[in-house]
Amino acid sequence: MRKRLISLGCAAMIILSLCASARAGWAQQMETRSNRYTQPDAPYEQVVSALDTEGFELVATSGMAQLWLNREMHTIRLIDTRSGYVWGAIPLQDARNLNTSWKSYAAAIVALECFDSKFNEKRYGLTGNAAVTYSLQPDGFSFEAHFEALGIRLAGYYILRDNVLTCGLAPDSFREEGQYLVKSLAFSPYLGCVFGDETPGWFLLPDGPGALMRFRAGGTYISGYDQRVYGKDLAIETLETAQSLGVNRPADYLVAEKQANVPVYGIVHGVGQHGLLVEIEDGETYASIAATPAGLGNTRYNSIMARFEYRQKYSKATTRSGAGSLVPQDDYNRMTPKLSYHLLTGPAADYDQMAVYYRGLLLDEGRLLPGKEQAGLKLEFLGTDIQKRTLLKTWLAFTHLSDIPPMVEALEKAGIGPLQVVLRQFSHHNKAGEGLSKALGREQELRALQTSLTDQGHLLLVYLDPVRANRDQIRLRVNAANTIAKSPIVIHRLNPDLVYPETYFFRPGTVADNVAGHQARFAGFPAAVDQLGSRFYADHTTGHIVNRAQAQQAFLSLLSGLSNDGGPALYNPALPAWSLATAYYDMPLTNSQYLFEDDTVPFLPIVLKGSLSMYAPPLNIGVSSRERLLRLVEYGVCPSFMITQSQSDALTNTPLEDWYSTNFSDWEQRIAGAWQTVGPALSKLSQSHITAHEVLETGRVRVAYDNGLTILINYTSSPWVCRQTTVGELDFAVIREGQ
């Protein structure tokens, strides 16, 4: 009887083990099919355009393309002569599911959104709304449009050269002469649109590392993708959103949307067949990228556009209590919009080759510089901060300068290196531009630490955020930047238990003072700079008004000055700062996971690999898993960790409590294990460019480099045989093609 019970028990254990293994495999399969991963493409039949050139006149031709114009409907057709594919907006006669005004807007070579005298918004195309005159040019056409009823005039052009169609407004041609105010302007807003899922393909969005929105028949959505290039202008837009889900906890737990750091998007009709890479060349500081999935509102079209924002609404106070009403800006944003459509055909019509193509453009124009990449591991050390207690606040030290060398030495013994060591929270009261906090050590110790790390082949950087402040670090009437409504720019976290729920932003002049103070006190130390290369906002302080474009140029100039000390490394920088950076910190590894997004793709990593060292967000704050290490190898991104010498719970009731697990002793083995896993591969790929990224099967990826190496990544729970190489479950292999 006893033997029988033991046998039954063993059988039950085996069955439970098999069930657990099956559940784990099922969960892994579900994960790799989510929009956090790139999905394989099913083979498509050859895609044939639903558009033609009947009723159009040929106005320009190049060796690669033709431009056609219909003067009655004020719309265009663009033919890629290499493939014969016809690009355009909507059909002239059979534009389904659109009323007359929407047809006019969708088809127009230039279209407007306007506010009337009561601040109501309405869209206007050219047909039925404007008198338009055309002048043919050797490589395209120019036009003048007069919206007489609106009192708006403008002039522009469409120019075709090689495989690039460029459109824009003529300088100083934009005029408002009536009561209507322009909200936004778009060129050919429905160019490349698809009705439902009638054409297979997708839109490439600059969301996180990159995202694909595949064409579907329709869904139920409350919003589409609509993001300002280089992030929101906090002087008129707010980052606060309704986040409560009716639960009894602080409502600041949702993940923030990813910022659009590049002014590009893509359209593909048939993967590997027909594509457009669309680049905003001028006016991008005031532009948005808007993609609408079929099923949003009443539309059945998937559409995408670059929208140039001339005005936005804001809450203007009308009573002493602060109550107000939404009104548009009085003055419009000064810009000269310019947009280019790059025709891509065959294998170039895919997200990886779009990234390769865009990388070539940036390198040729000097907006991206080669040769700055070096593989390594980044450690960020938290120094000191304030702790809130019952009746007072006290300062605590979490990592002294003398604590850092033993931790570095321990990692060196494990074969880890080279290291980028970032010292954070180190200045007096943690104010930008202030000197070293005495609680951490003396200046001589900091210099000695730099020398020691440099001699060992490592790099010491000092953290600088000259843009943001908490309530104790800023004098609001003197130093705070102001919104258009004349109130301080502030981000509120909806959690009253935080030490500092509000984050304020300095005026551009104060930002410059903070940078100057930092340079004077820490000359010779490379800087790890936060916000300055990614957060561009206007300041409407009376008598000191700075618009967003001016602030952007001022911040970039400050970054240029910081390059004298061998830096700066930048946190999540926007494109204009890339040529000034030595490293890209906090590279996003997933998209924002909107419901209408189907894939995360490595557009940004492909563009940057070989030019800038890329580091992931800290692995000990968020997801630390085997899959995340595989993602680093797939994208060519180096690991990072946020570290303290003190125990993690010492950060409770401090501004650093979001960093919930930081103790070095707790993480030492995992830090070493992470680098031992990914380091050898990343070191072989340093200063090499990605040439192809392909998902061969769900969860199984091939990444090719220009040095002849290929990475095979297996996210699945079963072995994979590829290129005569067996890749184990949740593993990767580095091979040389042809061997």
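Residues numbered from 1 in each chain as written. Predicted model: local features only at pLDDT ≥ 70, side-chain atom pairs only at ≥ 80, totals over all residues. Heavy atoms only, no water.

### Points about the overall build of the protein
Turning to step 1, where the next piece is worked out: From N to C terminus, the protein includes 11 helices and 43 strands.
Turning to step 2, where the next piece is worked out: Relative to a compact globule of 739 residues, whose C-alpha radius of gyration would be 27 Å, the protein shows 28 Å and is just as compact.
Turning to step 3, where the next piece is worked out: With respect to the principal axes defined by its C-alpha atoms, the protein has extents near 80 × 75 × 55 Å.
Turning to step 4, where the next piece is worked out: Across the 739 residues of the protein, 56% fall into the buried class.
Turning to step 5, where the next piece is worked out: As displayed, the protein offers around 30900 Å² of accessible surface, 50% of which is attributable to carbon and sulfur atoms. (Helix = DSSP H or I, 4+ residues; strand = E, 2+ residues; numbered from the N terminus. Rg over C-alpha atoms; globule rule 2.2 N^0.38 Å. Buried < 20%, exposed > 50% of the residue type's maximum accessible area, 1.4 Å probe, protein only. Areas by Shrake-Rupley, 256 points an atom, 1.4 Å probe, with all protein chains shown as cover.)

### Observations concerning the environment of glutamine 550
Turning to step 1, where the next piece is worked out: The topology assignment puts glutamine 550 in helix α8 (residues 548-562).
Turning to step 2, where the next piece is worked out: On the accessibility criterion, glutamine 550 (44% relative accessible area) is partly exposed.
Turning to step 3, where the next piece is worked out: Between the alpha carbons of glutamine 550 and valine 529 there is a distance of 20 Å; along the sequence they are 21 residues apart.

### Considerations on unusual backbone geometry
Turning to step 1, where the next piece is worked out: In this chain, glycine 417 is followed by proline 418 through a cis amide linkage whose omega measures 0 degrees.
Turning to step 2, where the next piece is worked out: Its place among the elements puts proline 418 in the loop between α4 (404-413) and β27 (419-424).

### Details of the sheet that holds strand β29 (residues 468-469)
Turning to step 1, where the next piece is worked out: The three strands are arranged β29-β31-β30 in an open sheet whose pairing can be described as antiparallel. One side of each edge strand has no neighbouring strand; the edge strands of this open sheet are β29 and β30 (490-492).
Turning to step 2, where the next piece is worked out: By the bridge criterion, two bridges tie β29 to strand β31 (residues 502-505) in an arrangement that is antiparallel. Counterpart to alanine 469 in the pairing with β31 is tyrosine 504. (Pairing = 2+ DSSP bridges.)

### Some thoughts on the environment of proline 138
Turning to step 1, where the next piece is worked out: Looking at where proline 138 falls in the secondary structure, it is placed in the loop between β7 (131-137) and β8 (140-147).
Turning to step 2, where the next piece is worked out: For proline 138, a relative accessible area of 81% puts it in the exposed group.
Turning to step 3, where the next piece is worked out: C-alpha separation for the pair proline 138 and leucine 160, spaced 22 residues apart in sequence, amounts to 9.3 Å.

### With respect to the pairing of strand β4 (residues 85-88)
Turning to step 1, where the next piece is worked out: By the alternation rule, side chains of β4 split into Tyr85 and Trp87 and Val86 and Gly88, which are all buried.
Turning to step 2, where the next piece is worked out: Looking at chain direction, strand β3 (residues 75-80) and β4 are connected through four bridges and run antiparallel. If you follow leucine 78 over to β4, its bridge partner there is tryptophan 87.
Turning to step 3, where the next piece is worked out: Turn length for the β3-β4 hairpin, with the two strands adjacent in sequence and antiparallel, is four residues, and the turn residue glycine 84 shows positive phi of about 80 degrees.

### Points about the pattern of salt bridges
Turning to step 1, where the next piece is worked out: Scanning the model with the defined rule gives 33 salt bridges in all.
Turning to step 2, where the next piece is worked out: A salt bridge links arginine 307 to glutamate 309; the shortest N-O distance between them is 2.7 Å.
Turning to step 3, where the next piece is worked out: Given a relative accessible area of 3%, glutamate 309 falls into the buried group.
Turning to step 4, where the next piece is worked out: Salt-bridge contacts for arginine 468 lead to aspartate 465; the nearest nitrogen and oxygen are separated by 2.6 Å.
Turning to step 5, where the next piece is worked out: The exposure class of arginine 468 is partly exposed, given its relative accessible area of 29%. (Salt bridge = Lys/Arg side-chain N within 4 Å of Asp/Glu carboxyl O.)

### What about the environment of serine 563?
Turning to step 1, where the next piece is worked out: Tracing the sequence through the fold places serine 563 in the loop between α8 and β33 (569-571).
Turning to step 2, where the next piece is worked out: Classification of serine 563 by relative accessible area gives partly exposed; the value is 35%.
Turning to step 3, where the next piece is worked out: Separated by 18 residues in the primary sequence, serine 563 and alanine 581 have C-alpha atoms spaced 8.1 Å apart.

### Describing the layout of surface pockets
Turning to step 1, where the next piece is worked out: Its volume calculated, the second largest pocket comes out at about 540 Å³.
Turning to step 2, where the next piece is worked out: Lining the second largest pocket are 25 residues; nearest its centre among them are Trp102, Arg123, Thr292, Leu296 and Thr299.
Turning to step 3, where the next piece is worked out: Considering only residue class, the lining of the second largest pocket consists of 10 nonpolar, 10 polar and five charged. (1 Å grid on protein atoms, 1.4 Å probe; cavity = no way out; pocket = protein on both sides within 12 Å on 5 of 7 lines; lining within 4 Å. Points joined across faces, edges and corners; volume = space filled by probe spheres on them. Nonpolar A, V, L, I, M, F, W, Y, C, P; charged D, E, K, R; others polar.)

### A word on the packing of helix α10 (residues 626-635) against helix α11 (residues 664-684)
Turning to step 1, where the next piece is worked out: The N-to-C vectors of α10 and α11 enclose an angle of 15 degrees; their axes lie 10 Å apart at closest approach. As the angle between them shows, α10 and α11 are arranged roughly parallel. For the element pair α10 and α11, the recorded crossing hand is right-handed. Along the contact surface, α10 presents Arg626, Leu629, Leu632 and Val633, while α11 presents Ala674, Thr677, Val678 and Leu682.
Turning to step 2, where the next piece is worked out: The class makeup of the residues in the contact of α10 with α11 is six nonpolar, one polar and one charged. (Axes fitted to C-alpha atoms, helices over the stretch in contact; angles between N-to-C directions. Parallel < 35°, antiparallel > 145°, perpendicular 65-115°, else oblique. Left-handed = near helix turned anticlockwise from the far one by under 90°. Contact = heavy atoms within 4.5 Å.)

### A word on the sheet that holds strand β39 (residues 700-705)
Turning to step 1, where the next piece is worked out: Taken in spatial order, the four strands make up an open sheet running β38-β39-β40-β43, and their pairing is antiparallel. Of all strands in the sheet, those bounded by a partner on one side alone are β38 (690-697) and β43 (731-736). For this sheet, the mean inter-axis angle between neighbouring strands, taken without regard to orientation, is 15 degrees.
Turning to step 2, where the next piece is worked out: Here five bridges tie β39 to strand β40 (residues 709-714), and the two strands are oriented antiparallel to one another. Bridge assignment links arginine 702 to a residue of β40, and that residue is leucine 712.

### Considerations on the nonpolar core
Turning to step 1, where the next piece is worked out: Ranked by internal contacts, the top residues of the largest apolar core, which has 197 residues, are Phe141, Phe147, Tyr158, Tyr358, Leu532 and Trp578.
Turning to step 2, where the next piece is worked out: Ranked by residues supplied to this core, first place goes to α11 with nine residues.
Turning to step 3, where the next piece is worked out: Ignoring any residue separated from it by four or fewer positions in sequence, one finds tryptophan 578 in contact with Val262, Leu362, Arg367, Leu368, Lys372, Pro573, Tyr584, Leu604, Val607, Leu608 and Leu612.
Turning to step 4, where the next piece is worked out: Counting 10 residues, the second largest nonpolar core, distinct from the first, contains Ala89, Leu98, Ala106 and Phe195. (Core = buried A, V, L, I, M, F, W, Y, C linked by side-chain atoms within 4.5 Å.)

### A word on the confidence of the model for the protein
For any part of a model where pLDDT is low, the fine detail of the predicted coordinates should not be relied upon.
Turning to step 1, where the next piece is worked out: Across the protein, the average pLDDT comes to 92, with 93% of residues at 70 or higher.
Turning to step 2, where the next piece is worked out: Contacts for the low-pLDDT stretch residues 240-250, under 50 throughout, to residues beyond four places or in other chains number 13 contacts. (pLDDT = per-residue confidence, 0-100.)

### Observations regarding helix α2 (residues 100-107)
Turning to step 1, where the next piece is worked out: When α2 is considered as a whole, its buried residues turn out to be Ser104, Tyr105, Ala106 and Ala107.
Turning to step 2, where the next piece is worked out: Those residues of α2 hidden inside the fold are in contact with β3, β5 (111-115), β6 (121-124), β12 (181-186) and β20 (301-309).

### A look at the packing of aromatic side chains
Turning to step 1, where the next piece is worked out: Counted under the stated rule, the structure contains 27 aromatic pairs.
Turning to step 2, where the next piece is worked out: Ring geometry for tyrosine 134 and phenylalanine 141: centres 5.7 Å apart, planes at 70 degrees, overall edge-to-face.
Turning to step 3, where the next piece is worked out: Between tyrosine 594 and phenylalanine 596 the ring centres are 5.0 Å apart and the planes differ by 10 degrees, which places this aromatic pair in the stacked class. Phenylalanine 596 shares its class with tyrosine 594; the two are buried.
Turning to step 4, where the next piece is worked out: Joined through ring pairs, the aromatic side chains of Trp102, Tyr105, Tyr190, Phe195 and Tyr301 make up one cluster.
Turning to step 5, where the next piece is worked out: Across from the ring centre of phenylalanine 195, 3.9 Å away, lies the NZ or CZ of arginine 96, which sits over that ring.
Turning to step 6, where the next piece is worked out: We note arginine 334 situated over the ring of tyrosine 332; from NZ or CZ to the ring centre the distance is 4.0 Å. (Phe/Tyr/Trp six-rings, centres within 6.5 Å; stacked < 30°, edge-to-face > 60°. Lys NZ or Arg CZ within 6 Å of the ring centre and 35° of its normal.)

### Some points on the state of the cysteines
Two cysteines joined by a covalent bond between their sulfur atoms form a disulfide.
Turning to step 1, where the next piece is worked out: Summed over the entire model, instances satisfying the criterion amount to zero disulfides.
Turning to step 2, where the next piece is worked out: For cysteine 193, which is in no disulfide, the shortest distance to another cysteine sulfur is to cysteine 167 and amounts to 16 Å.
Turning to step 3, where the next piece is worked out: Judged by relative accessible area, which is 10%, cysteine 193 ranks as buried. (Disulfide = S-S within 2.5 Å.)

### A few points about the side chain of aspartate 530
Turning to step 1, where the next piece is worked out: Assignment of secondary structure puts aspartate 530 in the loop between β32 (527-529) and α8.
Turning to step 2, where the next piece is worked out: Classification of aspartate 530 by relative accessible area gives buried; the value is 10%.
Turning to step 3, where the next piece is worked out: Side chain to side chain, aspartate 530 and arginine 468 meet in a polar contact 3.3 Å long. (Polar contact = N/O pair within 3.5 Å; in protein donor to acceptor, adjacent residues only side chain to side chain.)

### Considering the pairing of β7
Turning to step 1, where the next piece is worked out: Two elements, β7 and β8, share seven bridges in a ladder whose sense is antiparallel. Bridging from a neighbouring strand, alanine 131 pairs with histidine 146 of β8.
Turning to step 2, where the next piece is worked out: If you look at the hairpin formed by β7 and β8, you'll find two residues sitting between the two strands.

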